[in-house]
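Here are the chains, one letter per residue:
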Amino acid sequence: MATTTATTAAAGPGDAGGRRLVDTVLRARELSIVAALIVLVGVTTAVNSSFLSTQGVKDIFLNASILALLAVGQTMVVVTRNIDLSVGSVVGLVAFASGKFVLGHDRNIVLVLVLGMAIGAVCGLVNGVLVSFFKVPALVVTLGTLYVIQGLDYYWAHGQQINAADVPSSLLELGSGSVLGIPYLPLITLVVMVGVGYYLRSFPSGREFYAIGSNPDAARLAGIAIRKRILTAYVVSGVLAGLAGVLWLARFGTVVADAAHGWELKVVSAVVVGGVAIVGGLGSVYGAALGALLLTTIGSVLVVLKVNSFWQDAIAGLLLLLAISVDRLLSLRVTRALRRRNARHGA
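Analysis parameters
- Residues numbered from 1 in each chain as written.
- Predicted model: local features only at pLDDT ≥ 70, side-chain atom pairs only at ≥ 80, totals over all residues.
- Heavy atoms only, no water.
- Helix = DSSP H or I, 4+ residues; strand = E, 2+ residues; numbered from the N terminus.
- Buried < 20%, exposed > 50% of the residue type's maximum accessible area, 1.4 Å probe, protein only.
- Contact = heavy atoms within 4.5 Å.
- Areas by Shrake-Rupley, 256 points an atom, 1.4 Å probe, with all protein chains shown as cover.
- Axes fitted to C-alpha atoms, helices over the stretch in contact; angles between N-to-C directions.
- Parallel < 35°, antiparallel > 145°, perpendicular 65-115°, else oblique.
- Left-handed = near helix turned anticlockwise from the far one by under 90°.
- Nonpolar A, V, L, I, M, F, W, Y, C, P; charged D, E, K, R; others polar.
- Expected span 1.5 Å × (residues − 1).
- Arc of directions from axis to C-beta.
- Lys, Arg positive; Asp, Glu negative; His and termini not counted.
- Salt bridge = Lys/Arg side-chain N within 4 Å of Asp/Glu carboxyl O.
- Polar contact = N/O pair within 3.5 Å; in protein donor to acceptor, adjacent residues only side chain to side chain.
- Core = buried A, V, L, I, M, F, W, Y, C linked by side-chain atoms within 4.5 Å.

Concerning the overall build of the protein chain
In terms of regular secondary structure, the protein chain is built from 13 helices and two strands. Burial status across the protein chain gives 48% buried among its 347 residues. Long-range pairs, those at least 24 residues apart, make up 79% of the contacts in the protein chain with a sequence separation of at least 6. Accessible surface, the protein chain: about 15,900 Å² in total, of which carbon and sulfur atoms supply 67%.

See below:
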């Protein structure tokens, strides 16, 4: 599976061999996730043969779709050495706002999607402006907007709940329907993932996101519009969180003020487990989506095996720590290998 990387400072701008080496390392990370999924599914199926039923597989992909969609947006932010902790609260706000918008009306689905993405874009714009133009640390900004958005959502909801019976059937069909047997939600996530992945790998402006995360000083000297790229990353993350909010309403029908509460940590876990370096400059949206699929599958496995749901968060935390440790180890080894390669070429 293709991955996207930036040219690291150690590799130098023209070192194609260094780029191939980093690509190989990332590809190995993604293949290891695929291998873990195969083993996990195989063992669980051996214990409970119904786990791989048609409905079981469909449920896994449906449950992973929204998390993977958020992971794609989060990847664009993380590769620039930033983070967006507000995505879960944006999903909750948009899900409730969309529910109120369609309440008692048969609204056009496209209009609902545009409204949701517009709300998400505004939230992302606020984050992006504060981080890129006012130089406020991303952790502080997005943690603050997380609580602000949650507060707005709770104040607006006043204990109200959006019920599936009040949501138009056309919107609910988006969350449960399918085309040629493939559910809409995974298809939407796949289209977004491929589109963002292609842009990041194939366009010079897309590769600049990785250059910023890999070496901000070198990116600045190279004339890259750092503030513009970081702002764009946050807006994209917000737009995809807004889209995820509408899909949340379509998927579950019933929405309360704390919808997607705590999902920001799930999203970060999926991204890091998927091989996106938390220090920026490395990773791919494909790996992040695989990370989301792995965490969702683990959750489904625990339900099938009747294990306490507490262990899902514990396992996610353990995988996060393991992924960060592996990232650090691989980063050191790749850097040493690139330096040795450069030394040989310079000799």
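Some details on the packing of helix α2 (residues 54–78) against helix α11 (residues 263–273)
Packed helix pairs are characterised by how far apart their axes lie and by the angle those axes make with each other. The contact between α2 and α11 brings their axes to 9 Å, and the two run at 70 degrees. By the angle between their axes, α2 is roughly perpendicular relative to α11. Once α2 is placed against α11, the crossing between them reads as right-handed. Each of I66, L67, L70, A71, Q74, T75 and V78 in α2 lies in contact with α11, whose residues at this interface are W263, K266, V267, V268, A270 and V271. Its residues placed into classes, the contact of α2 with α11 shows ten nonpolar, two polar and one charged.

Some points on the environment of Y147
Its location among the elements puts Y147 in helix α5 (residues 138–157). Of the residues examined, Y147 reaches a relative accessible area of 55% and is grouped as exposed. Sequence-wise, Y147 and S89 are 58 residues apart; in three dimensions their C-alpha atoms are separated by 7.8 Å.

A look at α5
When the terminal C-alpha atoms of α5 are compared, their 28 Å separation across 20 residues agrees well with the 28 Å that a helix rising 1.5 Å per residue should span. Listing the buried residues of α5 in full gives A138, V141, T142, T145, L146, I149, Q150, D153 and A157. An end-on view of α5 places all buried positions within 160 degrees of arc, on one side of the element. Opposite the buried face of α5, by more than 90 degrees, sit the exposed residues V140, Y147, V148 and Y155. Close packing links the buried residues of α5 with α3 (87–102), α4 (109–132), α10 (226–252) and α11. Two residues or fewer past α5, H158 is found with a positive phi of approximately 50 degrees.

Section: α11
One full turn of an α-helix is made of 3.6 residues, so residues set three or four places apart face in the same direction. Of all eleven residues in α11, nine are buried; the element is thus mostly enclosed. Along α11, the positions that sit buried rather than exposed are W263, E264, V267, V268, S269, A270, V271, V272 and V273. Where α11 ends, the next residue or the one after it, G275, has phi of about 100 degrees, a positive value.

Quick notes on the side chain of E264
Inspection of the secondary structure assignment puts E264 in helix α11. The side chain of E264 is buried and forms no salt bridge, while K266, the nearest opposite charge, is found at 10 Å. The contacts of E264, once residues within four sequence positions are left out, are L85, V87, G88, S89 and L146.

Things to note about the environment of N163
Examined against the element boundaries, N163 turns out to sit in the loop between α5 and α6 (169–176). Considered as a pair, N163 and F252 are 89 residues apart in the sequence and their alpha carbons are 9.2 Å apart. Beyond its immediate sequence surroundings of up to four residues, N163 is in contact with G253 and T254. Here Q161 takes part through its side chain, which lies 2.7 Å from a polar atom of the side chain of N163.

Focus on the packing of α3 against α4
Packing of α3 against α4 brings their axes to within 10 Å, and their N-to-C directions diverge by 145 degrees. When the axes of α3 and α4 are compared, the crossing they make is right-handed. Judged by residue contacts, V90, L93, V94, A97, S98, F101 and V102 of α3 engage L111, V112, L115, G116, I119, G120 and C123 from α4. Taken together, the residues of the contact of α3 with α4 sort by class into eleven nonpolar, three polar and no charged.

A closer look at the pattern of salt bridges
Charged atoms that come close allow side chains of opposite charge to pair. Applying the stated criterion to the full structure yields two salt bridges. With a shortest N-O distance of 3.3 Å, D217 and R220 are connected by a salt bridge. With D217 and R220 both in helix α9 (residues 216–221) and three residues apart, this pair spans about one turn of that helix.

Side note on the nonpolar core
In terms of nonpolar packing, the biggest core is built from 90 residues, with I66, L70, L171, W248 and V255 touching the most fellow members. Not counting the four nearest positions on each side in its chain, V255 is found in contact with A95, F96, Q161, I162, W248 and L249.

Brief notes about unusual backbone geometry
We note that K135 has phi near 60 degrees; this positive angle belongs to a residue other than glycine. By secondary structure assignment, the location of K135 is in the loop between α4 and α5. Taking relative accessible area as the criterion, K135 reaches 57% and is therefore assigned exposed. The phi angle at L180 is positive, at roughly 55 degrees, despite the residue not being glycine.

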